[in-house]
Amino acid sequence: MLISNKVRISSVIEGSWTYFLIDFLTCSVTYALSEYFNIINIPIPALLPTILGTALAFFIGFNNNQAYDRWWEARKIWGGLVNDSRSWARQLLFLKKTTEEIQGEDRNFIEILVRRHIGFVYALNRGLRKSAETDYLNFLSDDDFEYLRHESNKANAVLNLQTRDLNEWYQKGKVDGFQFMQLNQMLINFCDHMGKSERIANTVFPTTYNYYTRVFVWIFIVCSTLVTAESIGVWSIVFGTLIGYVFLTIHKIGVSLLNPFEMLPTGIPLNLISRTIEINLLEMLRDKNIPKQVESVNEEYVL
Amino acid sequence: MLISNKVRISSVIEGSWTYFLIDFLTCSVTYALSEYFNIINIPIPALLPTILGTALAFFIGFNNNQAYDRWWEARKIWGGLVNDSRSWARQLLFLKKTTEEIQGEDRNFIEILVRRHIGFVYALNRGLRKSAETDYLNFLSDDDFEYLRHESNKANAVLNLQTRDLNEWYQKGKVDGFQFMQLNQMLINFCDHMGKSERIANTVFPTTYNYYTRVFVWIFIVCSTLVTAESIGVWSIVFGTLIGYVFLTIHKIGVSLLNPFEMLPTGIPLNLISRTIEINLLEMLRDKNIPKQVESVNEEYVL
Amino acid sequence: MLISNKVRISSVIEGSWTYFLIDFLTCSVTYALSEYFNIINIPIPALLPTILGTALAFFIGFNNNQAYDRWWEARKIWGGLVNDSRSWARQLLFLKKTTEEIQGEDRNFIEILVRRHIGFVYALNRGLRKSAETDYLNFLSDDDFEYLRHESNKANAVLNLQTRDLNEWYQKGKVDGFQFMQLNQMLINFCDHMGKSERIANTVFPTTYNYYTRVFVWIFIVCSTLVTAESIGVWSIVFGTLIGYVFLTIHKIGVSLLNPFEMLPTGIPLNLISRTIEINLLEMLRDKNIPKQVESVNEEYVL
Amino acid sequence: MLISNKVRISSVIEGSWTYFLIDFLTCSVTYALSEYFNIINIPIPALLPTILGTALAFFIGFNNNQAYDRWWEARKIWGGLVNDSRSWARQLLFLKKTTEEIQGEDRNFIEILVRRHIGFVYALNRGLRKSAETDYLNFLSDDDFEYLRHESNKANAVLNLQTRDLNEWYQKGKVDGFQFMQLNQMLINFCDHMGKSERIANTVFPTTYNYYTRVFVWIFIVCSTLVTAESIGVWSIVFGTLIGYVFLTIHKIGVSLLNPFEMLPTGIPLNLISRTIEINLLEMLRDKNIPKQVESVNEEYVL
Amino acid sequence: MLISNKVRISSVIEGSWTYFLIDFLTCSVTYALSEYFNIINIPIPALLPTILGTALAFFIGFNNNQAYDRWWEARKIWGGLVNDSRSWARQLLFLKKTTEEIQGEDRNFIEILVRRHIGFVYALNRGLRKSAETDYLNFLSDDDFEYLRHESNKANAVLNLQTRDLNEWYQKGKVDGFQFMQLNQMLINFCDHMGKSERIANTVFPTTYNYYTRVFVWIFIVCSTLVTAESIGVWSIVFGTLIGYVFLTIHKIGVSLLNPFEMLPTGIPLNLISRTIEINLLEMLRDKNIPKQVESVNEEYVL
């Protein structure tokens, strides 16, 4: 997530100089060729870039809309995960409270369920970002680790363990039916958040949209240069480059939001959110070692 | 689902050469006729393609929006099916866990309910794609098969069996009321996912939209050729073809998403998702024969 | 619901020849008058149709969006009705299953509740389409008929009967609290589907939108004819008619979706959906007389 | 809610003649001044109205979208209120049904809860429309009236009474836990419908949108007149007025939907819907005095 | 929330004079430079501002849409908080009602839970606005304060206390399972409202959108001035300034809605809503000291 409202000129240039250059070269070559082959005398109608421009504006606008929607949906899913994580821990923590604090075995059991949930969040985070890191194991016991070895989807397997233990407590009468239903509902919700995240991460946005957008933008750039070549001569390179830069940039912004779970500055800050959950839950457990919040990179973005 | 970000030029050409050719021929014939009948001297106002172009951009944009929404809704429905399938298996699997593993009859019963659910997923998949394949029978017993024979909607009939058996267990006291409610809710959800999928598969997008879009695009192409015929002569064929190609392509992309459950490269990868569910559920059952994930076709798309 | 992808030219002409003719006459009269009164010499600026065209494209686009949304929402509601109907029958049918089939009084009772629900669906169908048909009575007993006589909203009254009988069974202990809650929830859902359908059927789309759209389109047609009268003479009639035809058609398509529950080829196929529910439910009851699916009209649409 | 599809010319003129006149005067004064001060010779570029027109079309289109969404959301909320009102009455009415009709105290109690709900609907209606009418008191007892005196939000206070009585019945064992949960859920829903209605009624649409839209439309009108003054002379007044009329009208239509709960012909027909609920519920109670449905005003709209 | 429909000219000028001035200066400098360097003779094609204008209209329209959606979603969340707050208090207040009023310890307990909820609302309000005010402590006991000291997220910690006490009452048998479930659900809802608010407050809208919008608008302004410099001379400054003013203003309106929880006139009136909840809940408790509603600032907006 980009956090600084003042995007630095340097990082803008860094991000866009390659396609700016290609844009400029394309326009220059187009102009040179049109001069050389005398195409300049063929009066390409001004209609062409006007109509193409309108069509492209619609098309790129459509792409941006869908990209933003994916991004915002992704953010909502992880927001829902934060909410349910807090409710999960809260309900467990005060489950057996009569007047005194819960102690002994019960307290132990609750700690396991809460810590293991932090493990679930990190496992999901790593899975979505296709990272090999296994820091989620810090929140799991050795038995849990053994169980996970047989499963390909680690986060899903952690939910199995949570369900197993919750049912065990239910069988032992430590939680009653009403409490069981609401806690079990939380586990179903976690499964939903996981599946929804995977849906966004694994569903490729119809590639034809991006592909043809790029094709049409380049056609548009060439046409724009040609159409003005006769009337304004070499200045048509400036004209074409400028128009092209605007359309390319808007297109790129949309594309940068399409895969919100990737390790990109414009993505959803999974690390930040995971850490927030960790801090919230450990504070609830009155843990002594609360980790620090994730820091931003150059005060520009968080991951 | 298309998976490769680099759409190959060859497959683009393959996909669009027919209507590109028709587009080109139309423009050529238009130009020839206008020359021959001297229509070229009737100065068709440049206003015509401008206004038509704007109107068409709106119209095609509208179609693309609705098509994408159908596609994404279809993806969400099957994403929900994945989530609920996992929750279904998970809840069953740890239902009677006290401390030791479930054995004997109970284990058997759970296996039946989980495997039969995989059968439900495949039956729904085949039904939506109007395929005659009956591979879903692999996950059903002979009695189940007998029951299905009398029903036209196979997936729906599988849900009947699941409901029957769940109620039987409830009557026998193997699940209590709270567990029954949550498991039954899963069956209601499956019925919803099924019905929603059928709704998208069976509801034809208002055909007038596609029909008139095509009519208007061709009118637009002819007009664009005519309007520039006088000023730029034979180059108007290039102009008309180009403009037409852009509008036709955008329209086609939308159309290719309209029926997301068909066996198309741009459709929802039902086979992939069904297999994912199968793998997840069999892993949970600690089955020895986990099938492989569905492979992509030419690394271009999965079905 | 239109079902044929190949709209026949004949039905297109049938559907649009009246306003095409009016369109043509308007343009002709406009041209004749402008000639006669010499308005032709007043150079109406080309700006006018351009700006009006853009504004109209937005306006008609807006109308089409809302119309489509009403149509799709209507389809979703009846899709939800299908799903809940199946779940309703399924839950009832396996309610008291121990090992043997339910027989005698209980079976009778279940049959009544399932068949009466089919009656509910048809009563709602007829009510929404303001039809006087009373074929829904076939699914009701004489006592039910007596009850319905005092009520103006027949579908709503059928739900009263269902609620009454469900509560009776609950009092008798034939269903327990958990089952009662889920079955009662289905009845609440049916009431929601009914109310939502009535909302769409009875809420007139703000008439000002359609009225002014038509006014503006005709102003636009007259202006378009006038603006080109000087430069292209009598050809301006063709120009005006063409532009007008495109805008009128797009507008008409939207309007045809505005009232999705009416007996129109473009409406939601309530008869088809009602029959689907009937077939599904009768099959579940293992009824011998399964009716045929509703047939399409000329293979063009179903009602 | 406007109900007549044929908007009468007279009411259109009535509704729009003031701003039409102002529009006309503005254009006339603009033209006169430009003549007098010789501004007519400054060739204002045609670009200005084109670009402004496109920008305005977007802006007004945005406003219309949001206005329609508020209107439709308001309609949905009151549609939900209808549905839940029916379910509320239905569940109460058949609560204690065994085989004979409920009589005596219990019947009395149910009547109170159902009638008081009608009072709730009218109290909410009056509150939203800031009306001082107290006709909702007809559905309440004297004790209820006493309770309401201390509360500023009458509709909310009625819900307190409903909750109090429902809990009383629950304590007495007249409804069991499952029934209590579903009935209580209805009361929570009513509270939601109430709060959502208040949200729409009390949240002013960001005033800057309407304000600047108006400013820009007038700038646009003046520019359009000036830009054509040189080429078409005094006809530019007609031109400016026409363009202005279209944009102003579209803007006004949107504005008329912004506050859907006000006593406007274009608003949501709260009186009609309240009466529908009243009729439905009284019919269920088999009341003898069913009031008539609210009548339309001049067959043009209902309130 | 802006409340006055008549935005005062003074406050408009106040709000926009800076960028109006910069806009004017930019156009003047552009014109001066083009004169001085004779750029005026390079005929920049009119195409440039037309195409840029359309693209920008789409882009700014997109930004406004997303901004408005954030604003409206924020309003919905706090509207939901109002609804659930009322339901929370209502359910507690009539929890143990048989026929007489609740007295003594039970009444005490209920008062604590209701007042503490007001504290939750204020704590959330302050947290979202990053205010250091601790007025929420007025609604908490000393013990509560002690508990809060260890937690960084105060609002979340208040929910812990509510959960703890609700579970205590449940253990003591003062609420039964059904009531517990519904009350606990309210606490889960509060947690959701809190998390959703934090999501909107802490998720920066992709900064690239705002950054590039500004860049493109300034490019657009410079181009518009240059393009008309030749034909209309020094009047091009007026032209450029006007066009720029319109686009800049529309952009600024959108930006002002992007962070709806900040202390801005255009933000969501958290203070007003919090006070509404406070008044509603205290009235229910029949408290003697009902505070006044928050007053508007200059009758222009409420915070």
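Numbers given for residues are sequential positions, taken from 1 along each chain in its written order. Whichever chain is written first is A, and whichever ligand is written first is 1; the rest continue in order. Only residues with pLDDT of at least 70 are given local features in this predicted model, and only at 80 or more are side-chain atom pairs given and counted; all residues enter the totals for whole chains, interfaces and linings. Side-chain figures throughout are based on the complete set of non-hydrogen atoms in the structure, without hydrogens or water.

An unreviewed UniProt entry annotates chain A as Bestrophin family protein of Zunongwangia endophytica. UniProt positions are given in the numbering used here, feature names are shortened, and annotations may be inferred rather than shown by experiment. Listed in UniProt under the heading Subcellular location (unreviewed entry), the comment for chain A reads: "Cell membrane".

Engineer: How would you sum up the relation of the copies chain E and chain A? Please name residues and give values.
Structural biologist: Residues below a pLDDT of 70 in either copy are left out; the C-alpha atoms of the rest, at least 70 in both, set the least-squares superposition of the copies. Once chain E has been moved 0.0 Å along the axis and rotated by 72°, it coincides with chain A to within an RMSD of 0.1 Å. Between the two chains, the operation in question is that of a five-fold axis. Nearest to the rotation axis, the C-alpha of Thr54(E) is located 5.9 Å from it, this being the minimum over chain E. Whether two residues touch is decided by their heavy atoms; if any such pair falls within 4.5 Å, the residues are in contact. Here only 5% of the contact residues of chain E are again contact residues in chain A; the copies associate through non-equivalent surfaces.

Engineer: I'd like a description of the relation of the copies chain A and chain B, backed by residues and values.
Structural biologist: With an RMSD of 0.0 Å, the fit of chain A onto chain B corresponds to turning through 72° and sliding 0.0 Å along the axis. Looking at the interface residues of chain A, only 5% of them are also at the interface in chain B, so each copy uses its own face.

Engineer: Residues and numbers for the interface of chain A and chain B, please.
Structural biologist: Opposite the 59 residues of chain A that make contact, chain B presents 60 residues. A 1.4 Å probe defines the accessible area here, and the buried area is the portion of it lost by two parts on being joined, summed over both. Buried surface at the junction of chain A and chain B, both sides included, amounts to about 5600 Å², of which 67% is carbon and sulfur. Of all residues in chain A, Ile51(A), Arg199(A) and Tyr211(A) bury the most surface against chain B, accounting for 10% of the area lost on that side. Salt bridge, as applied in this entry: a Lys or Arg side-chain nitrogen positioned within 4 Å of an Asp or Glu carboxyl oxygen. Taken together, chain A and chain B are joined by two salt bridges. Arg86(B) is the salt-bridge partner of Glu198(A), the closest N and O atoms lying 3.1 Å from each other. Within 3.5 Å is the distance limit for a polar contact, defined as a pair of N or O atoms, with the added protein rule that one can donate a hydrogen and the other accept it, and that residues adjacent in sequence qualify only through two side-chain atoms. At the junction of chain A with chain B, the criterion picks out 15 residue pairs in polar contact (both at pLDDT 80 or more). Of all the secondary structure elements, the ones that give two or more residues to the side of chain A that touches chain B are helix H2 (47-93), helix H5 (154-171), helix H6 (177-202) and helix H7 (207-232) of chain A. In terms of residue count, the dominant contributor to the side of chain A that touches chain B is H6(A) (16 residues). For the side of chain A that touches chain B, a count of residues per class yields 31 nonpolar, 18 polar and ten charged. Under the scheme used here, helices are H or I runs from DSSP no shorter than 4 residues and strands are E runs no shorter than 2 residues, and both carry numbers assigned from the N terminus. Each residue is assigned to one of three groups, with Ala, Val, Leu, Ile, Met, Phe, Trp, Tyr, Cys and Pro labelled nonpolar, Asp, Glu, Lys and Arg labelled charged, and all others, Gly among them, labelled polar.

Engineer: How would you sum up helix H2 (residues 47-93) of chain C? Please name residues and give values.
Structural biologist: A helix is expected to span 1.5 Å for every residue after the first. A rise of 1.5 Å per residue sets the reference length of H2(C), with its 47 residues, at 69 Å; its end C-alpha atoms lie 69 Å apart and thus fit the reference within 8%. Think of it in three bands: with a 1.4 Å probe and only protein chains considered, a residue is buried below 20% of the maximum accessible area for its type, exposed above 50%, and partly exposed in between. In terms of burial, H2(C) is a largely internal element, 42 of the 47 residues being buried.

Engineer: Explain the interface of chain E and chain A to me, and be specific about the residues and the numbers.
Structural biologist: Residue-level contacts link 59 residues of chain E with 60 residues of chain A. Counting each side, the surface lost to burial between chain E and chain A is near 5600 Å², with a carbon and sulfur contribution of 67%. Area buried by chain E at its contact with chain A is led by Ile51(E), Arg199(E) and Tyr211(E), which between them contribute 10% of it. Applying the counting criterion to the chain E and chain A interface returns two salt bridges. Among the salt bridges present, the one from Arg286(A) reaches Glu151(E), with a minimum N-O distance of 3.0 Å. On inspection of chain E and its partner chain A, the count reaches 13 residue pairs in polar contact (both at pLDDT 80 or more). Counting residues per element, the ones that place at least two in the side of chain E that touches chain A are helix H2 (47-93), helix H5 (154-171), helix H6 (177-202) and helix H7 (207-232) of chain E. Here the side of chain E that touches chain A gets 16 residues from one element, more than from any other, and that element is H6(E). Residue composition of the side of chain E that touches chain A, by class: 31 nonpolar, 18 polar and ten charged.

Engineer: Could you give me a rundown of the environment of Ile243(C), with the residues and numbers involved?
Structural biologist: Along the chain, Ile243(C) turns up in helix H8 (residues 235-256). The exposure class assigned to Ile243(C) is buried, which follows from its relative accessible area of 1%. Here the alpha-carbon distance between Ile243(C) and Val204(C), two residues 39 residues apart in the chain, equals 29 Å. Residues contacting Ile243(C), with those up to four places away along its chain left out, are Leu48(B), Ile51(B), Phe220(C) and Ser224(C).

Engineer: Quick one: what's the story with the UniProt feature "transmembrane region" (unreviewed entry) in chain A, residue by residue and with numbers?
Structural biologist: Residue and element names in this part refer to chain A. The UniProt feature table records "transmembrane region" (unreviewed entry) at residues 12-33, 39-62 and 215-248. With 100% helix and 0% strand, the stretch residues 12-33 has end C-alpha atoms that lie 31 Å from each other. Helix makes up 94% of residues 215-248 and strand 0%. Its end C-alpha atoms lie 11 Å apart.

Engineer: Got a sec to walk through the side chain of Thr213(A)? Specific residues and values, please.
Structural biologist: Structurally, the position occupied by Thr213(A) is in helix H7. Leave out the neighbours within four places in its chain, and Thr213(A) touches Leu56(A), Phe59(A), Ile60(A), Asn63(A), Thr208(A) and His251(A).

Engineer: Give a description of a negative patch on the surface that names residues and reports values.
Structural biologist: Taken together, the side chains of Asp69(A), Asp69(B), Asp69(C), Asp69(D) and Asp69(E) define an acidic patch exposed on the protein surface. The topology assignment puts Asp69(B) in helix H2 (residues 47-93). Given the relative accessible area of 41%, Asp69(B) is considered partly exposed. For patches, a residue must show more than 30% relative accessible area and have no salt bridge; joins then use 9 Å for like charges and 5 Å for nonpolar side chains, namely Val, Leu, Ile, Met, Phe, Trp and Tyr. Each accessible area is a Shrake-Rupley estimate made with a 1.4 Å probe; only the visible protein chains count as cover when residues are assessed. Residues scored as charged are limited to Lys and Arg (positive) and Asp and Glu (negative), so that His and the chain ends carry no count. We put the charge of a Lys on NZ, of an Arg on CZ, of an Asp on CG and of a Glu on CD.

Engineer: Now, about the arrangement of the chains: what can you tell me, with residues and values included?
Structural biologist: The closest approach of any C-alpha atom in chain B to one in chain D is 11 Å; the two make no contact. Chain E makes no contact with chain C, the minimum C-alpha separation between the two being 11 Å.

Engineer: So what about the packing of aromatic side chains? Which residues, and what values?
Structural biologist: Each Phe, Tyr or Trp ring (for Trp, its six-membered ring) is paired with any other whose centre lies within 6.5 Å, and the angle between the two planes then decides the class: stacked below 30 degrees, edge-to-face above 60, tilted in between. One pass over the structure, following the stated rule, counts 110 aromatic pairs over all chains. For the ring pair Phe205(A) and Tyr209(A), a centre distance of 5.8 Å and an interplane angle of 40° mean the geometry is tilted. Side by side, Phe205(A) and Tyr209(A) carry an identical accessibility label, which is buried. Judged by centre distance (6.5 Å) and plane angle (15°), the ring pair of Tyr68(E) and Trp72(E) falls under stacked. Of this pair, Tyr68(E) and Trp72(E) both sit in helix H2, four residues apart, which is roughly one turn of the helix. Here Tyr68(E) matches Trp72(E) in class, with each residue buried. Counting as a charge over the ring demands two things of the Lys NZ or Arg CZ atom: a distance within 6 Å of the ring centre and an angle within 35 degrees of the ring normal. Residue placement shows Arg286(B) over the ring face of Tyr147(A); its charged tip is 4.5 Å from the ring centre.

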